[in-house]
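Residues per chain are reported as follows:
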Amino acid sequence: MSETTHDSAVALTVPSSPDDGLPAAELARKYGLAVSGARPSLAEYTRQLWERRHFIAAFSRAKLTAQYSQAKLGQVWQVATPLLNAVVYYFIFGVMMDQKRAMATNTYVPFLVTGVFVFTFTQSSAMAGVRAIAGNLGLVRALHFPRAALPISFALQQLQQLLYSMVVLAVVLVACGHMPSMAWLMIVPVLAFQFLFNTGLALILARAGSKTPDLAQLLPFLLRTWMYASGVMYSLVDNLKRTHVSQWVIDLLGANPAAVYIDLMRYALIDDYGAKHLPPHVWALAVGWAVLIGVGGFVYFWKSEEKYGRG
(Lines give C-alpha, C1' and ligand atoms only; values in the text may rest on other atoms or scores of the structure.)
Protein backbone atom coordinates (compact mmCIF):
# COMPACT_ATOMS: atom_id res chain seq x y z
CA MET A 1 0.00 0.00 0.00
CA SER A 2 1.24 3.52 -0.81
CA GLU A 3 0.20 7.08 0.08
CA THR A 4 1.02 10.59 -1.29
CA THR A 5 2.70 13.09 1.02
CA HIS A 6 2.45 16.91 0.96
CA ASP A 7 5.52 17.20 -1.33
CA SER A 8 4.01 14.74 -3.79
CA ALA A 9 6.54 12.03 -2.96
CA VAL A 10 5.30 8.49 -2.74
CA ALA A 11 6.05 6.59 0.48
CA LEU A 12 5.72 2.86 0.85
CA THR A 13 4.20 1.37 3.96
CA VAL A 14 6.09 -1.75 5.10
CA PRO A 15 3.76 -4.44 6.43
CA SER A 16 4.46 -5.51 10.00
CA SER A 17 6.39 -8.77 10.57
CA PRO A 18 5.10 -11.56 12.81
CA ASP A 19 8.56 -11.46 14.47
CA ASP A 20 8.20 -7.86 15.56
CA GLY A 21 8.49 -7.51 19.30
CA LEU A 22 9.97 -10.97 19.89
CA PRO A 23 12.92 -11.03 22.35
CA ALA A 24 16.29 -11.93 20.79
CA ALA A 25 16.50 -15.25 22.65
CA GLU A 26 13.03 -16.29 21.44
CA LEU A 27 13.82 -15.21 17.90
CA ALA A 28 17.04 -17.28 17.94
CA ARG A 29 15.17 -20.36 19.17
CA LYS A 30 12.53 -19.92 16.47
CA TYR A 31 15.11 -20.01 13.68
CA GLY A 32 17.44 -22.59 15.24
CA LEU A 33 20.26 -20.17 16.02
CA ALA A 34 22.75 -20.75 18.84
CA VAL A 35 25.31 -18.58 20.55
CA SER A 36 28.71 -18.96 18.90
CA GLY A 37 31.10 -20.82 21.22
CA ALA A 38 28.39 -21.64 23.76
CA ARG A 39 28.95 -24.62 26.03
CA PRO A 40 26.96 -27.68 24.88
CA SER A 41 25.18 -29.95 27.30
CA LEU A 42 27.30 -32.57 29.04
CA ALA A 43 25.75 -35.38 26.98
CA GLU A 44 26.29 -33.50 23.71
CA TYR A 45 29.84 -32.61 24.74
CA THR A 46 30.60 -36.27 25.45
CA ARG A 47 29.17 -37.23 22.06
CA GLN A 48 31.31 -34.63 20.28
CA LEU A 49 34.37 -35.87 22.10
CA TRP A 50 33.66 -39.47 21.10
CA GLU A 51 33.32 -38.42 17.46
CA ARG A 52 36.85 -37.00 17.66
CA ARG A 53 38.41 -40.10 19.23
CA HIS A 54 40.52 -40.72 16.12
CA PHE A 55 41.93 -37.20 16.33
CA ILE A 56 42.74 -37.73 20.02
CA ALA A 57 44.61 -40.97 19.28
CA ALA A 58 46.48 -39.52 16.28
CA PHE A 59 47.39 -36.34 18.17
CA SER A 60 48.80 -38.32 21.11
CA ARG A 61 50.88 -40.52 18.77
CA ALA A 62 52.22 -37.48 16.95
CA LYS A 63 53.18 -35.81 20.23
CA LEU A 64 54.89 -38.98 21.42
CA THR A 65 56.89 -39.28 18.20
CA ALA A 66 57.88 -35.61 18.20
CA GLN A 67 58.84 -35.57 21.89
CA TYR A 68 62.37 -36.88 21.28
CA SER A 69 62.67 -36.22 17.56
CA GLN A 70 65.65 -33.89 18.08
CA ALA A 71 67.58 -36.40 20.21
CA LYS A 72 70.02 -38.79 18.54
CA LEU A 73 68.70 -41.77 20.49
CA GLY A 74 65.14 -40.79 19.61
CA GLN A 75 62.43 -42.92 21.19
CA VAL A 76 64.96 -44.75 23.37
CA TRP A 77 64.62 -41.86 25.82
CA GLN A 78 61.00 -42.87 26.43
CA VAL A 79 62.28 -45.69 28.64
CA ALA A 80 65.80 -44.42 29.34
CA THR A 81 64.58 -41.34 31.24
CA PRO A 82 62.57 -43.13 33.97
CA LEU A 83 65.18 -45.91 34.08
CA LEU A 84 67.99 -43.41 34.72
CA ASN A 85 65.82 -41.81 37.41
CA ALA A 86 65.51 -45.24 39.02
CA VAL A 87 69.30 -45.68 38.94
CA VAL A 88 69.80 -42.31 40.66
CA TYR A 89 67.19 -43.12 43.31
CA TYR A 90 68.75 -46.55 43.88
CA PHE A 91 72.14 -44.97 44.55
CA ILE A 92 70.71 -42.32 46.90
CA PHE A 93 67.99 -44.24 48.73
CA GLY A 94 69.08 -47.83 48.27
CA VAL A 95 72.84 -47.47 48.80
CA MET A 96 73.50 -44.20 50.64
CA MET A 97 70.40 -44.25 52.84
CA ASP A 98 70.21 -48.07 52.94
CA GLN A 99 66.44 -48.19 52.40
CA LYS A 100 66.87 -51.66 50.89
CA ARG A 101 68.02 -53.14 54.21
CA ALA A 102 64.59 -54.64 54.85
CA MET A 103 64.48 -56.29 51.39
CA ALA A 104 66.72 -58.52 49.34
CA THR A 105 68.41 -56.74 46.43
CA ASN A 106 66.46 -58.80 43.88
CA THR A 107 63.25 -57.49 45.51
CA TYR A 108 64.26 -53.87 46.11
CA VAL A 109 65.38 -53.24 42.51
CA PRO A 110 62.00 -54.15 40.92
CA PHE A 111 60.27 -52.49 43.92
CA LEU A 112 62.05 -49.22 43.09
CA VAL A 113 61.73 -49.43 39.30
CA THR A 114 58.01 -50.21 39.54
CA GLY A 115 57.46 -47.24 41.86
CA VAL A 116 59.39 -44.85 39.62
CA PHE A 117 57.66 -45.97 36.40
CA VAL A 118 54.13 -45.89 37.86
CA PHE A 119 54.57 -42.53 39.58
CA THR A 120 56.19 -41.05 36.46
CA PHE A 121 52.99 -41.94 34.59
CA THR A 122 50.93 -39.77 36.94
CA GLN A 123 53.59 -37.06 37.20
CA SER A 124 53.96 -36.69 33.42
CA SER A 125 50.19 -36.66 32.90
CA ALA A 126 49.85 -33.84 35.43
CA MET A 127 52.67 -31.79 33.89
CA ALA A 128 51.28 -32.24 30.38
CA GLY A 129 47.75 -31.45 31.55
CA VAL A 130 48.60 -28.14 33.19
CA ARG A 131 49.96 -26.87 29.85
CA ALA A 132 47.33 -28.51 27.64
CA ILE A 133 45.32 -25.34 27.01
CA ALA A 134 47.83 -22.60 27.84
CA GLY A 135 50.49 -24.21 25.64
CA ASN A 136 48.20 -24.77 22.64
CA LEU A 137 46.32 -21.48 22.39
CA GLY A 138 46.94 -21.24 18.65
CA LEU A 139 45.14 -24.54 18.07
CA VAL A 140 42.38 -23.70 20.57
CA ARG A 141 41.64 -20.34 18.91
CA ALA A 142 41.94 -21.53 15.33
CA LEU A 143 39.72 -24.62 15.38
CA HIS A 144 36.39 -25.53 16.96
CA PHE A 145 36.54 -28.84 18.84
CA PRO A 146 35.87 -30.08 22.40
CA ARG A 147 38.81 -28.68 24.36
CA ALA A 148 38.89 -31.76 26.58
CA ALA A 149 40.44 -33.56 23.62
CA LEU A 150 43.79 -31.91 24.43
CA PRO A 151 44.34 -33.03 28.06
CA ILE A 152 42.87 -36.45 27.24
CA SER A 153 45.30 -36.87 24.34
CA PHE A 154 48.23 -35.89 26.59
CA ALA A 155 47.18 -38.46 29.22
CA LEU A 156 46.91 -41.05 26.44
CA GLN A 157 50.41 -40.09 25.27
CA GLN A 158 51.78 -40.81 28.74
CA LEU A 159 49.97 -44.16 28.83
CA GLN A 160 51.63 -45.14 25.56
CA GLN A 161 54.99 -44.13 26.96
CA LEU A 162 54.38 -46.18 30.11
CA LEU A 163 53.61 -49.25 27.99
CA TYR A 164 57.09 -48.98 26.45
CA SER A 165 58.52 -48.69 29.96
CA MET A 166 56.59 -51.79 31.07
CA VAL A 167 58.62 -53.87 28.60
CA VAL A 168 61.82 -52.73 30.36
CA LEU A 169 60.19 -53.37 33.73
CA ALA A 170 59.36 -56.92 32.67
CA VAL A 171 63.04 -57.49 31.76
CA VAL A 172 64.13 -56.12 35.16
CA LEU A 173 61.65 -58.40 36.95
CA VAL A 174 62.79 -61.53 35.12
CA ALA A 175 66.46 -60.61 35.63
CA CYS A 176 65.75 -60.38 39.37
CA GLY A 177 64.04 -63.78 39.43
CA HIS A 178 60.40 -62.70 39.38
CA MET A 179 58.88 -64.84 36.63
CA PRO A 180 55.60 -64.01 34.85
CA SER A 181 52.51 -65.40 36.58
CA MET A 182 48.73 -65.04 36.48
CA ALA A 183 49.05 -62.21 39.00
CA TRP A 184 50.62 -60.10 36.25
CA LEU A 185 47.18 -59.88 34.63
CA MET A 186 46.19 -57.50 37.43
CA ILE A 187 48.24 -54.77 35.76
CA VAL A 188 45.44 -54.34 33.18
CA PRO A 189 42.74 -53.10 35.61
CA VAL A 190 45.35 -51.21 37.66
CA LEU A 191 46.54 -49.30 34.58
CA ALA A 192 42.94 -48.71 33.48
CA PHE A 193 42.02 -47.17 36.84
CA GLN A 194 45.22 -45.14 36.97
CA PHE A 195 44.69 -43.87 33.42
CA LEU A 196 41.18 -42.71 34.31
CA PHE A 197 42.54 -41.00 37.43
CA ASN A 198 45.39 -39.37 35.48
CA THR A 199 43.02 -38.15 32.77
CA GLY A 200 40.77 -36.50 35.35
CA LEU A 201 43.80 -34.94 37.02
CA ALA A 202 45.03 -33.62 33.65
CA LEU A 203 41.59 -32.10 32.98
CA ILE A 204 41.50 -30.38 36.36
CA LEU A 205 44.99 -28.97 35.92
CA ALA A 206 44.27 -27.95 32.32
CA ARG A 207 41.40 -25.73 33.46
CA ALA A 208 43.42 -24.33 36.37
CA GLY A 209 46.50 -23.79 34.18
CA SER A 210 44.50 -21.98 31.50
CA LYS A 211 43.66 -19.25 34.02
CA THR A 212 46.82 -19.38 36.13
CA PRO A 213 49.89 -20.04 33.93
CA ASP A 214 52.18 -19.76 36.97
CA LEU A 215 50.75 -23.07 38.19
CA ALA A 216 53.04 -24.82 35.70
CA GLN A 217 56.04 -23.41 37.61
CA LEU A 218 54.67 -24.45 41.01
CA LEU A 219 53.49 -27.92 40.05
CA PRO A 220 56.93 -29.66 39.95
CA PHE A 221 57.45 -28.84 43.64
CA LEU A 222 54.00 -30.18 44.54
CA LEU A 223 54.61 -33.36 42.55
CA ARG A 224 58.00 -33.91 44.19
CA THR A 225 56.38 -33.65 47.62
CA TRP A 226 53.69 -36.09 46.48
CA MET A 227 56.36 -38.52 45.29
CA TYR A 228 58.08 -38.60 48.68
CA ALA A 229 54.70 -39.09 50.38
CA SER A 230 53.83 -42.05 48.14
CA GLY A 231 56.62 -44.49 48.98
CA VAL A 232 58.21 -44.51 45.53
CA MET A 233 61.75 -45.15 46.76
CA TYR A 234 61.01 -46.89 50.07
CA SER A 235 58.30 -48.75 51.94
CA LEU A 236 56.02 -45.98 53.15
CA VAL A 237 54.26 -48.06 55.81
CA ASP A 238 57.48 -49.52 57.28
CA ASN A 239 59.11 -46.09 57.52
CA LEU A 240 56.03 -44.53 59.13
CA LYS A 241 55.81 -47.32 61.68
CA ARG A 242 59.44 -46.76 62.68
CA THR A 243 58.57 -43.14 63.51
CA HIS A 244 55.70 -44.33 65.77
CA VAL A 245 53.10 -42.09 64.14
CA SER A 246 49.41 -42.69 64.70
CA GLN A 247 47.73 -45.43 62.67
CA TRP A 248 45.32 -42.94 61.10
CA VAL A 249 48.30 -41.07 59.60
CA ILE A 250 49.60 -44.32 58.10
CA ASP A 251 46.15 -45.13 56.68
CA LEU A 252 45.73 -41.60 55.32
CA LEU A 253 49.07 -41.52 53.48
CA GLY A 254 48.64 -45.11 52.32
CA ALA A 255 45.27 -44.22 50.79
CA ASN A 256 46.63 -41.43 48.58
CA PRO A 257 46.00 -42.38 44.94
CA ALA A 258 49.64 -42.52 43.80
CA ALA A 259 50.53 -44.90 46.65
CA VAL A 260 47.45 -47.04 45.94
CA TYR A 261 48.31 -47.62 42.27
CA ILE A 262 52.01 -48.16 43.03
CA ASP A 263 51.22 -50.71 45.76
CA LEU A 264 48.78 -52.60 43.55
CA MET A 265 51.32 -52.77 40.71
CA ARG A 266 54.03 -54.02 43.07
CA TYR A 267 51.64 -56.59 44.51
CA ALA A 268 50.85 -57.86 41.00
CA LEU A 269 54.44 -58.05 39.76
CA ILE A 270 56.74 -58.78 42.72
CA ASP A 271 56.56 -62.22 44.34
CA ASP A 272 57.75 -61.06 47.79
CA TYR A 273 55.40 -58.07 47.98
CA GLY A 274 52.50 -59.56 49.90
CA ALA A 275 49.03 -58.29 50.76
CA LYS A 276 50.28 -57.03 54.14
CA HIS A 277 51.84 -54.07 52.30
CA LEU A 278 48.51 -52.99 50.82
CA PRO A 279 46.26 -50.42 52.52
CA PRO A 280 42.80 -51.52 53.71
CA HIS A 281 40.14 -51.68 50.98
CA VAL A 282 42.80 -51.11 48.32
CA TRP A 283 40.62 -52.03 45.31
CA ALA A 284 37.79 -49.81 46.56
CA LEU A 285 40.30 -46.98 46.82
CA ALA A 286 41.63 -47.64 43.32
CA VAL A 287 38.15 -47.58 41.79
CA GLY A 288 36.96 -44.69 43.98
CA TRP A 289 39.87 -42.40 43.08
CA ALA A 290 39.48 -43.24 39.38
CA VAL A 291 35.76 -42.42 39.37
CA LEU A 292 35.99 -39.39 41.64
CA ILE A 293 38.85 -37.66 39.84
CA GLY A 294 38.16 -39.05 36.36
CA VAL A 295 34.47 -38.19 36.16
CA GLY A 296 34.70 -35.17 38.46
CA GLY A 297 37.61 -33.76 36.48
CA PHE A 298 35.72 -34.16 33.21
CA VAL A 299 32.68 -32.29 34.55
CA TYR A 300 34.89 -29.62 36.13
CA PHE A 301 36.68 -29.03 32.82
CA TRP A 302 33.42 -28.97 30.83
CA LYS A 303 32.01 -26.23 33.09
CA SER A 304 34.47 -23.72 31.56
CA GLU A 305 34.41 -25.02 27.99
CA GLU A 306 33.27 -21.71 26.47
CA LYS A 307 36.06 -19.73 28.22
CA TYR A 308 39.15 -21.55 26.94
CA GLY A 309 41.29 -19.50 24.58
CA ARG A 310 39.51 -16.22 25.35
CA GLY A 311 40.82 -13.17 27.10
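Description of the structure in this document. (Residues numbered from 1 in each chain as written. Predicted model: local features only at pLDDT ≥ 70, side-chain atom pairs only at ≥ 80, totals over all residues. Heavy atoms only, no water.)

**Quick word on empty space enclosed by the protein**
To find leftover empty space, a probe the size of one water molecule is rolled over the atoms.
Okay, so step 1: Applying the stated criterion across every chain, the model contains two cavities of 30 Å³ or more.
Okay, so step 2: Volume-wise, the largest cavity comes out at about 80 Å³.
Okay, so step 3: Along its surface, the largest cavity is lined by Ser230, Gly231, Tyr234, Ser235, Leu236, Val237, Gly254, Ala259, Asp263, Arg266, Tyr273 and His277.
Okay, so step 4: Counting residues per element, the ones that place at least two in the lining of the largest cavity are α10 (236-242) and α12 (257-269).
Okay, so step 5: At three residues, the largest contribution of residues to the lining of the largest cavity is made by α12.
Okay, so step 6: The residue makeup of the lining of the largest cavity, split by class, is five nonpolar, five polar and two charged. (1 Å grid on protein atoms, 1.4 Å probe; cavity = no way out; pocket = protein on both sides within 12 Å on 5 of 7 lines; lining within 4 Å. Points joined across faces, edges and corners; volume = space filled by probe spheres on them. Helix = DSSP H or I, 4+ residues; strand = E, 2+ residues; numbered from the N terminus. Nonpolar A, V, L, I, M, F, W, Y, C, P; charged D, E, K, R; others polar.)

**Observations regarding the pattern of salt bridges**
Any two side chains of opposite charge can pair, so long as their charged atoms come close to each other.
Okay, so step 1: Applying the stated criterion to the full structure yields two salt bridges.
Okay, so step 2: A salt bridge links arginine 47 to glutamate 44; its shortest N-O distance comes to 2.4 Å. Taken together, the residues arginine 47 and glutamate 44, both in helix α2 (residues 42-51) and three residues apart, mark about one turn of the helix.
Okay, so step 3: Its relative accessible area of 39% is what places arginine 47 among the partly exposed residues.
Okay, so step 4: Among the residues examined, glutamate 44 registers a relative accessible area of 28% and is labelled partly exposed.
Okay, so step 5: Between arginine 47 and glutamate 51 there is a salt bridge, with the nearest N and O atoms lying 2.2 Å from each other. Separated by four residues within a single helix, arginine 47 and glutamate 51 lie in helix α2, roughly one turn from each other.
Okay, so step 6: Exposure remark for glutamate 51: the relative accessible area of 46% places this residue in the partly exposed category. (Salt bridge = Lys/Arg side-chain N within 4 Å of Asp/Glu carboxyl O. Buried < 20%, exposed > 50% of the residue type's maximum accessible area, 1.4 Å probe, protein only.)

**As for the packing of aromatic side chains**
Okay, so step 1: Under the defined criterion, the tally for this structure stands at 12 aromatic pairs.
Okay, so step 2: Positioned over the ring face of phenylalanine 145 is arginine 147, at 4.8 Å from the centre of the ring.
Okay, so step 3: Looking at arginine 266, its charged tip hangs above the ring of phenylalanine 111, at a distance of 3.5 Å from the centre. (Phe/Tyr/Trp six-rings, centres within 6.5 Å; stacked < 30°, edge-to-face > 60°. Lys NZ or Arg CZ within 6 Å of the ring centre and 35° of its normal.)

**Comments concerning the packing of helix α8 (residues 187-211) against helix α9 (residues 215-228)**
Okay, so step 1: At their nearest, the axes of α8 and α9 sit 11 Å apart, and the two run at 145° to each other. Crossing geometry of α8 relative to α9 is assigned as right-handed. Judged by residue contacts, Phe197, Leu201, Leu205, Ala208 and Gly209 of α8 engage Leu215, Leu219 and Trp226 from α9. (Axes fitted to C-alpha atoms, helices over the stretch in contact; angles between N-to-C directions. Left-handed = near helix turned anticlockwise from the far one by under 90°. Contact = heavy atoms within 4.5 Å.)

**A look at unusual backbone geometry**
Okay, so step 1: With phi around 55°, histidine 281 is a residue other than glycine that occupies positive phi space.
Okay, so step 2: Tracing the sequence through the fold places histidine 281 in the loop between α12 and α13 (282-302).

**With respect to helix α3 (residues 53-67)**
Okay, so step 1: When the terminal C-alpha atoms of α3 are compared, their 21 Å separation across 15 residues agrees well with the 21 Å that a helix rising 1.5 Å per residue should span.
Okay, so step 2: Within the sequence span of α3, burial applies to Ile56, Phe59, Ser60 and Leu64. Within α3, the buried residues cover an arc of 135° as seen down the axis, which keeps them to one side. When the buried face of α3 is taken as reference, the exposed residues oriented beyond 90 degrees from it are His54 and Thr65. (Expected span 1.5 Å × (residues − 1). Arc of directions from axis to C-beta.)

**A few points about α12**
Okay, so step 1: Taking 1.5 Å per residue, 13 residues should reach 18 Å; α12 reaches 19 Å between its end C-alpha atoms and fits that length.
Okay, so step 2: Of all the 13 residues making up α12, 12 are buried; the element is thus mostly covered by neighbouring parts of the structure.
Okay, so step 3: For α12, the complete set of buried residues consists of Pro257, Ala258, Ala259, Val260, Tyr261, Ile262, Asp263, Leu264, Met265, Arg266, Ala268 and Leu269.
Okay, so step 4: Buried-residue contacts for α12 involve α5 (105-130), α7 (149-175), α8, α9, α11 (247-254) and α13.
Okay, so step 5: Capping of α12 at its N-terminal end is provided by asparagine 256; its side-chain oxygen lies 3.1 Å from the backbone amide nitrogen of alanine 258. (Polar contact = N/O pair within 3.5 Å; in protein donor to acceptor, adjacent residues only side chain to side chain.)

**As for a nonpolar patch on the surface**
Okay, so step 1: A surface patch of nonpolar side chains, about 560 Å² in accessible area, is lined by Val88, Phe91, Ile92, Val95, Met96 and Met97.
Okay, so step 2: Relative to the helices and strands, methionine 96 resides in helix α4 (residues 77-96). (Patch = residues over 30% accessible without salt bridge, like charges linked within 9 Å, V, L, I, M, F, W, Y side chains within 5 Å. Areas by Shrake-Rupley, 256 points an atom, 1.4 Å probe, with all protein chains shown as cover.)

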